[in-house]
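Structural overview
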Amino acid sequence: MNPIRRLPLVPLALYALAASAQTPLPKDHPALPAATHRDRAAQLTEKLAEPIGQTAAAPLAPKNFIDKHIFGKMAADHIPHAPLASDEQFFRRIHLDLTGRIPSDEALRAFLADSSPAKRDKLIDDLTLSPAYKAKWTYFFGDLFKSAANRVGNPGKNVFYSWIYDNLHLDRPYNDMVADLITANAVSNYTVGPASYVARWVVIGLQCEDEVHEDTSDELAINSVKQFLGVDLNCVSCHDGRRHLEKINVWLTARNRPELWQMGAFFGKTRVLRRTEIATSRDEYSIDDRGPGYDAGARTVVRVPRNGKGPVEPAFMFTGEKPAPGAPLRAEYARMLTSHPQFARMAVNLLWSELFGVGIVDPPGDFDLSRQDPANLPAGWTLQPSHPELLNELAQYFRDNDHSLRSVIRLIAKSNAYQLSSSFPGEWKSGYSKYFARRFIRRLKAEEIHDSLVEATGLTTPIPIRGTDFNARYATETRSPEDFKGKGQELREANFFLESFGQTNREYSERTNEGDITQAILLMNSPFVLRQIANAPGSFLNKTTSAADATDAKITRLFERFLVRKPQPPELAAARDVVASNPGKGWEDLQWLLVNKLEFIHNY
């Protein structure tokens, strides 16, 4: 293939990847307030969404209580909203959101031919029982729990993945899952899945066997609160909130470092012991509850020195509750954490953020608990949730439905609010963004781009899962991002592609969906992309071009396969020219053009 023929699309690709970037201000310009995630999502959507004219969308009947809150607030404030997404747009969106990859062209045609008014709800039910759904959400929670082989060992991350997958397959109550993560004991985390959650946060000192006990306890408290309550205690792990957090988080302003030690003390009896007696072991741990307790004057290798003295008794920062006498400390902590109202609020907000692109509280892991109630808002502060009553009702629904993740995902996906178009009738105003008045467009995650390319082209580079005889086809089937770091040039190229598109390594890097010039170049000329679009034996392209269908039919199939829609007449005419211009490589060129269209790497 000749990449030179594809260079004219450079400006288009760069525009797609930098669409949310701000134009630099003059040096003497006064500072502007920082754009929120919601602001950036709205700006990207306004730039990329297709215009649909000036006709206001017709009112939509509510399908569930989500719609009553979302459309009720818009009606009360006289805010217009987008119409429902087309079947094609919805079909692509729901597959990306629920399974992490685009659907097949055959499935698209069957869905469009179905005249049943309940076909969207049925599709949602079917997808949430599919292996692709379980793989996508297992990978999602693997990111949340930060399960990395370099922390818990290769066998540890494999068995942890299987444990998460099995829990999602059974739709096990989320509070029970979290309790298992916090309380797991094991002779080896290589054999007990949830034990790798505790092992992940061990802090090692100067030598492999030097576990810094209080630092490990702090890490377990900080990360469990962040992931399951949505509150970031990192600042108060080194100093009091007062005189540090007044402009950031009202609730944390009143917290102090000894309170963090009391949270860590729930893990004071927890020993995380590295299996150094096994010569071949790496990051293998035994976990039990025979530790010495928490010492406020113990050393630290990750924070400023502790200035306390002596034993610390556990107390739950959010309620002041202390464990029952003689009760296992971690079990008591798990009970307090999962029964606190914030546990359900964080869980449903996290799922909402994943499906809508923006949370009701956004970012989802940064709650200020003093700014949740409209009736008790501190002076000078704004309310944090865009829809506080909806958030509370979603949390109650979650509890009433036995903490079922699947039930909340289905509820959200079946709402008309979720199914709105990203295109907006008339003039869009920035103040509309907090109402969820349209669908926010987002760039696909690194794994979604990879898996959609694999799905569209039918070409697979096997990804060996270390420690097993299983070869993954999709990124979301891998046990962690480290599985791409295996042997072979093709895996290394795919790994570089994924990292360049913001994949987290679950150890020290955070996921990002920001664009840069490297990504544009990779979409055009990376060995991974050029290999995927090849007219190779067994590929979708090879099967399509070998068929006896007319040229227009073949072009239409490629559009349906890559963009999940039929081509518009001007696109069809342009595609004919591309195919005819080079009988040998024209079809590959067309595939390359489809991959480099804005809509392939964005979810509308």
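Please read all numbers here as calculations on a predicted model, not as lab measurements.

Procedures and definitions
Residues numbered from 1 in each chain as written. Predicted model: local features only at pLDDT ≥ 70, side-chain atom pairs only at ≥ 80, totals over all residues. Heavy atoms only, no water. Helix = DSSP H or I, 4+ residues; strand = E, 2+ residues; numbered from the N terminus. Rg over C-alpha atoms; globule rule 2.2 N^0.38 Å. Buried < 20%, exposed > 50% of the residue type's maximum accessible area, 1.4 Å probe, protein only. Contact = heavy atoms within 4.5 Å. Areas by Shrake-Rupley, 256 points an atom, 1.4 Å probe, with all protein chains shown as cover. Lys, Arg positive; Asp, Glu negative; His and termini not counted. Charge placed at Lys NZ, Arg CZ, Asp CG, Glu CD. Core = buried A, V, L, I, M, F, W, Y, C linked by side-chain atoms within 4.5 Å. Polar contact = N/O pair within 3.5 Å; in protein donor to acceptor, adjacent residues only side chain to side chain. Phe/Tyr/Trp six-rings, centres within 6.5 Å; stacked < 30°, edge-to-face > 60°. Lys NZ or Arg CZ within 6 Å of the ring centre and 35° of its normal. Expected span 1.5 Å × (residues − 1). Arc of directions from axis to C-beta. Salt bridge = Lys/Arg side-chain N within 4 Å of Asp/Glu carboxyl O. Pairing = 2+ DSSP bridges. Disulfide = S-S within 2.5 Å. Axes fitted to C-alpha atoms, helices over the stretch in contact; angles between N-to-C directions. Left-handed = near helix turned anticlockwise from the far one by under 90°. Nonpolar A, V, L, I, M, F, W, Y, C, P; charged D, E, K, R; others polar.

A closer look at the overall build of the chain
For the chain, the helix and strand inventory stands at 26 helices and 8 strands. What you see for the chain is a C-alpha radius of gyration of 26 Å, in line with the 25 Å of a compact globule of 604 residues. Counting all 604 residues of the chain, 57% fall into the buried class. Here the analysis covers contacts within the chain between residues at least 6 apart in sequence; of these, 69% occur between residues at least 24 apart. Carbon together with sulfur atoms contributes 56% to the accessible area of the chain, which is approximately 25,100 Å² in total. The centroid of the 73 positive side-chain charges in the chain is displaced by 2 Å from the centroid of its 73 negative side-chain charges.

Comments concerning the nonpolar core
In this structure, Ile66, Phe141, Tyr174 and Trp352 are the most contacted members of the largest nonpolar core, which totals 152 residues. Among the elements that take part in this core, helix H16 (residues 341-356) stands out by supplying 10 residues, more than any other.

Brief notes about unusual backbone geometry
Following Asp362, the chain continues into Pro363 via a peptide bond in cis, with omega recorded as 0°. Its location among the elements puts Pro363 in the loop between H16 and helix H17 (388-400). Unusually for a residue other than glycine, His78 sits at a positive phi of about 60°. Looking at the element boundaries, His78 is found in the loop between helix H3 (65-76) and helix H4 (87-99). The class of His78 is exposed, set by a relative accessible area of 70%. Positive phi is not limited to glycine here, since Arg506 has a value of about 70°.

Description of the environment of Asn223
For Asn223, the location among the structural elements is in helix H12 (residues 213-229). Looking at Asn223, the relative accessible area reads 12%, which means it is buried. Sequence separation between Asn223 and Arg109 is 114 residues; the distance between their C-alpha atoms is 45 Å. Apart from the residues lying within four places of it in its own chain, the contact partners of Asn223 are Tyr197 and Trp201. A distance of 2.9 Å separates a polar side-chain atom of Asn223 from the backbone oxygen of Glu219.

Re the packing of aromatic side chains
This model, assessed by the stated rule, comprises 33 aromatic pairs. With 5.0 Å between their ring centres and 10° between their planes, Trp251 and Phe318 make a pair best called stacked. Here Trp251 is found in helix H13 (residues 250-253), whereas its partner Phe318 is found in the loop between strand S4 (311-312) and helix H15 (329-339), with 67 residues between them in sequence. Relative accessible area serves as the criterion here: at 12%, Phe318 is assigned to the buried category. Relative to Phe436, the ring of Trp352 has its centre 5.5 Å away and its plane inclined at 75°; by these criteria the two rings are edge-to-face. Taken as a pair, Trp352 in helix H16 and Phe436 in the loop between helix H18 (405-414) and strand S5 (442-443) lie far apart in primary sequence, 84 residues in all. A single burial state applies to Trp352 and to Phe436, both of which are buried. Among the aromatic residues, those joined into a cluster by ring pairs are Tyr133, Trp137, Phe140, Phe141, Phe145, Phe160, Trp163, Tyr174, Tyr197, Phe228, Phe343 and Phe398. A cation over an aromatic ring shows up here: Arg101 above the ring of Tyr474, its NZ or CZ 3.5 Å from the ring centre.

Quick notes on helix H25 (residues 569-581)
Between its terminal C-alpha atoms H25 stretches 19 Å, which fits the 18 Å expected from 13 residues at 1.5 Å a residue. When we look at burial in H25, the residues that qualify are Glu571, Leu572, Ala575, Val578 and Val579. In an axial view of H25, the angular spread of the buried residues amounts to 120°, which keeps them on one side of the axis. Within H25, the exposed residues directed more than 90 degrees away from the buried face are Pro569, Pro570, Asp577 and Ala580. Against the buried residues of H25 lie helix H24 (551-563) and helix H26 (586-595).

Thoughts on the pattern of salt bridges
Should their charged atoms come close, side chains of opposite charge can pair. Considering all chains together, one arrives at 47 salt bridges under this definition. Asp143 is the partner of Arg511 in a salt bridge, and the nearest nitrogen-oxygen pair spans 2.7 Å. Of the two residues, Arg511 is situated in the loop between helix H20 (489-500) and helix H21 (517-525) and Asp143 in helix H7 (residues 131-145); the sequence distance between them amounts to 368 residues. With a shortest N-O distance of 3.2 Å, Arg274 and Asp283 are connected by a salt bridge.

Points about the side chain of His81
Within the secondary structure, His81 is located in the loop between H3 and H4. Here His81 is in contact with Ala57, Ala58, Pro59, Leu60, Phe71, Met74, Leu420, Phe424, Pro425 and Ala437, once residues within four sequence places are set aside.

With respect to helix H10 (residues 174-183)
Of all the residues in H10, the buried ones are Tyr174, Asn175, Met177, Val178, Leu181 and Ile182. One face of H10 carries all of its buried residues, which in axial projection span an arc of 155°.

Notes on the pairing of strand S2 (residues 285-288)
Along S2, one buried face is formed by Tyr285 and Ile287 and the opposite face, lined by Ser286 and Asp288, is buried too. Inspection of the sheet shows strand S1 (residues 271-274) paired to S2 by 4 bridges, in the antiparallel sense. Its bridge partner lying in S2, Arg274 is registered against Tyr285.

Focus: the state of the cysteines
In protein structure, a disulfide is the covalent linkage between the sulfur atoms of two cysteines. Going through the model one piece at a time under the given rule, you end up with 0 disulfides. Just so you know, Cys238 is unpaired, no disulfide at all, and the nearest cysteine sulfur is the one on Cys235, 8.3 Å from it. Classification of Cys238 by relative accessible area gives partly exposed; the value is 26%.

Section: the environment of Ala85
Inspection of the secondary structure assignment puts Ala85 in the loop between H3 and H4. For the pair Ala85 and Gln419, spaced 334 residues apart in the sequence, the C-alpha separation amounts to 5.9 Å. Once you skip the residues sitting within four places of it in the chain, Ala85 turns out to touch Phe90, Arg93, Arg120, Gln419, Leu420 and Ser421.

So, the packing of H24 against H26
At a minimum axis distance of 10 Å, the contact between H24 and H26 shows a crossing angle of 35°. For H24 against H26, the interelement crossing comes out right-handed. When H24 is examined against H26, the residues Thr551, Lys554, Ile555, Leu558, Phe559, Phe562 and Leu563 are found in contact with a partner set consisting of Trp587, Leu590, Gln591, Leu594 and Val595. Per-class residue counts for the contact of H24 with H26 are 9 nonpolar, 2 polar and 1 charged.

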